[in-house]
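Here is how the chains run, residue by residue.
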Amino acid sequence: MKITVLDGYGMNPGDMSWSPLEQLGQLTVYDRTAPSEILSRAAGSEALLTNKTVLTAETLRSLPDLKYIGVLATGYNVVDIPAARELGIVVTNIPAYSTDSVAQMVFAHLLAITVRAEHYTAENRRGRWSECPDFCYWDNPLHELAGKTFGIVGLGNIGQAVSRIALAFGMKVKAYTSKSPDSLPAGVSKAGLDELFATSDIVSLHCPLTDSTRHMVDARRLAGMKPTAILINTGRGPLIDEHALAEALDSGRIHAAGLDVLSTEPPAADNPLLKARNCFITPHLGWATREARERLMQIAADNLRGFIAGDIRNNVAR
């Protein structure tokens, strides 16, 4: 089987082996593929693997040998699924490979905001502690997480992992979810969306991006949050109206935001959140721990191996 990876650098920038996929056929890996290069690089391939390279209906119809597409991520909006279904092309994704890594990133942001360890490290390297007349100093408010209310929007695999960590910190956990109250994990209570935003000290977003959730965090909802509240987004950038959030941060309507995703990635240089007050931004790396990427590689290989054997798994084009 001729297997082509169109944009392998994101998953494997060189610190892992491609051997799980090399065992399954003739493998060619490209770090990145521009739209104008897709057809020439994919020509003759029976299996294509893509992370962010978009495969349109027109592209799929121009690849008569293509039988399988493996999306190297959980989301699969980069592939025209109706066209793939029409052409009989199997499309698989990688579910739940980064749950623990993303949950960890939520609390990396929360602790960065509430403790500011990196800030004090930088200050001390400049000599501030050495010059301090007292045995300690602080210039940001310090608060315990225990007893605070942690609101979770979406209680899937990642949302549930986040809830367990929040509970371990001694926080009260509320969730906006379609699950019934009696099916929620112990210690988690159900709340309406506006109630959750209005009463939570921290709100963390873990819902899918749909027409109904796009810009769910808008000016109205931000205005209803506590002025001391912290917003965290490790889900999808367009869940937030970024201009509204920047304004809310700069005006002090909410205290801080921790973001691992933005509406456009990489962001435009004039994205207002890049310079907004108390806005902590990481470059979409919650999924990218070595352990999560190794799982991603193995599941990608298992998906393709299953397809070859006639045991199709994680098929999103049924």
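A brief structural summary. Keep in mind that this is a model prediction, so the values were computed, not measured.

### Section: the environment of asparagine 314
Mapped onto the fold, asparagine 314 is located in the segment after α11 (290–309). C-alpha separation for the pair asparagine 314 and valine 91, spaced 223 residues apart in sequence, amounts to 8.1 Å. Excluding its chain neighbours within four sequence positions, the residues that come into contact with asparagine 314 are Val91, Thr92, Asn93, Pro95, Ile299 and Asn303.

### With respect to the sheet that holds strand β9 (residues 202–205)
Judged by pairing direction, the sheet is parallel, and its seven strands sit side by side in the order β8-β7-β6-β9-β10-β11-β12 without closing on themselves. Edge strands, defined here as strands with exactly one partner in the open sheet, are β8 (188–190) and β12 (279–281). For this sheet the average axis-to-axis angle between neighbouring strands, irrespective of direction, equals 20°. Pairing analysis gives three bridges linking strand β11 (residues 256–259) to β12, with the strands arranged parallel. Note on β12: the bridge partner recorded for leucine 259 is isoleucine 281.

### Here's the deal with the state of the cysteines
The final tally for this structure, using the stated rule, is zero disulfides. This cysteine, cysteine 136, is not joined by any disulfide, and cysteine 132 carries the nearest cysteine sulfur, 7.2 Å off. The partly exposed category is assigned to cysteine 136, whose relative accessible area is 28%. The thiol of cysteine 279 is unpaired, and the distance to the nearest cysteine sulfur, on cysteine 207, comes to 18 Å. Cysteine 279 sits in the buried class, given a relative accessible area of 16%.

### Brief notes about α11
Compared with the 28 Å implied by 1.5 Å per residue over 20 residues, the 28 Å span of α11 between its first and last C-alpha is a close match. Looking at α11, one finds that the buried residues are Ala292, Arg293, Leu296, Met297, Ala300, Ala301, Asn303, Leu304, Gly306 and Phe307. In this structure, the buried residues of α11 make contact with β1 (2–5), α1 (19–22), β3 (47–50), β4 (68–71), β5 (90–92) and α5 (99–114). Glycine 310, located one to two residues past α11, shows a positive phi value of around 85°.

### Considerations on the nonpolar core
Here is a general trend for soluble globular proteins: nonpolar side chains tend to be buried in one another's company. Membership of the largest hydrophobic core comes to 28 residues, with the highest contact counts inside it found for Val153, Phe197, Leu205, Leu222, Leu231, Leu245 and Leu273. At the level of secondary structure, the elements contributing two or more residues to this core comprise α8 (193–199), β9, α10 (242–250) and β11. In terms of residue count, the dominant contributor to this core is α10 (five residues).

### Things to note about the side chain of threonine 59
Here threonine 59 is to be found in helix α3 (residues 57–61). By relative accessible area, threonine 59 is classed as buried at 13%. For threonine 59, the residues in contact, after removing those within four places along its chain, are Ile38 and Leu39.

### Considering the packing of α5 against helix α7 (residues 157–168)
The N-to-C vectors of α5 and α7 enclose an angle of 50°; their axes lie 9 Å apart at closest approach. When the axes of α5 and α7 are compared, the pair comes out oblique. At the point where α5 passes α7, the crossing takes the right-handed sense. In this structure, α5 contributes Thr99, Val102, Ala103, Val106 and Phe107 to the contact, and α7 contributes Asn157, Ile158, Ala161, Val162, Ile165 and Ala166.

### Focus on the pattern of salt bridges
Taken as a whole and assessed by the stated rule, the structure comprises 15 salt bridges. As a salt-bridge pair, aspartate 15 and arginine 293 come within 2.6 Å of each other at their nearest N and O atoms. Highlighted residues: aspartate 15 in the loop between β1 and α1 and arginine 293 in helix α11, separated in sequence by 278 residues. Residues arginine 221 and aspartate 194 are paired through a salt bridge, measuring 2.7 Å at the closest nitrogen-oxygen approach. Here arginine 221, found in helix α9 (residues 219–223), pairs with aspartate 194, found in helix α8; they are 27 residues apart in sequence, far enough to count as distant. Since its relative accessible area comes to 12%, arginine 221 is described here as buried. Several salt bridges converge on common partners, so that one network encompasses Glu123, Arg126, Arg128 and Asp139.

### Thoughts on the packing of aromatic side chains
Under the counting rule described, the total for this entry stands at four aromatic pairs. Geometrically, the ring pair formed by phenylalanine 107 and phenylalanine 150 is stacked, given 5.6 Å between the ring centres and 20° between the ring planes. Taken together, the residues span a long stretch of sequence, with phenylalanine 107 in helix α5 and phenylalanine 150 in strand β6 (residues 149–153) at a distance of 43 residues. Across the pair, phenylalanine 150 and phenylalanine 107 agree in class, each one buried. Taken together, a centroid distance of 5.7 Å and an interplanar angle of 15° make the contact between phenylalanine 107 and phenylalanine 169 stacked. You can see phenylalanine 107 sitting in helix α5 and its partner phenylalanine 169 sitting in the loop between α7 and β7 (172–176), a full 62 residues away along the chain. Taking the relative accessible area as the measure of exposure, phenylalanine 107 reaches 5% and is therefore buried. Through a chain of ring-to-ring contacts, the aromatic side chains of Phe107, Phe150 and Phe169 assemble into a single cluster. One Lys or Arg, arginine 32, reaches over the ring of tyrosine 9 and ends 4.5 Å from the middle of that ring. Positioned over the ring face of phenylalanine 197 is arginine 221, at 5.7 Å from the centre of the ring.

Cut-offs used in this document
- Residues numbered from 1 in each chain as written.
- Predicted model: local features only at pLDDT ≥ 70, side-chain atom pairs only at ≥ 80, totals over all residues.
- Heavy atoms only, no water.
- Helix = DSSP H or I, 4+ residues; strand = E, 2+ residues; numbered from the N terminus.
- Contact = heavy atoms within 4.5 Å.
- Pairing = 2+ DSSP bridges.
- Axes fitted to C-alpha atoms, helices over the stretch in contact; angles between N-to-C directions.
- Disulfide = S-S within 2.5 Å.
- Buried < 20%, exposed > 50% of the residue type's maximum accessible area, 1.4 Å probe, protein only.
- Expected span 1.5 Å × (residues − 1).
- Core = buried A, V, L, I, M, F, W, Y, C linked by side-chain atoms within 4.5 Å.
- Parallel < 35°, antiparallel > 145°, perpendicular 65-115°, else oblique.
- Left-handed = near helix turned anticlockwise from the far one by under 90°.
- Salt bridge = Lys/Arg side-chain N within 4 Å of Asp/Glu carboxyl O.
- Phe/Tyr/Trp six-rings, centres within 6.5 Å; stacked < 30°, edge-to-face > 60°.
- Lys NZ or Arg CZ within 6 Å of the ring centre and 35° of its normal.

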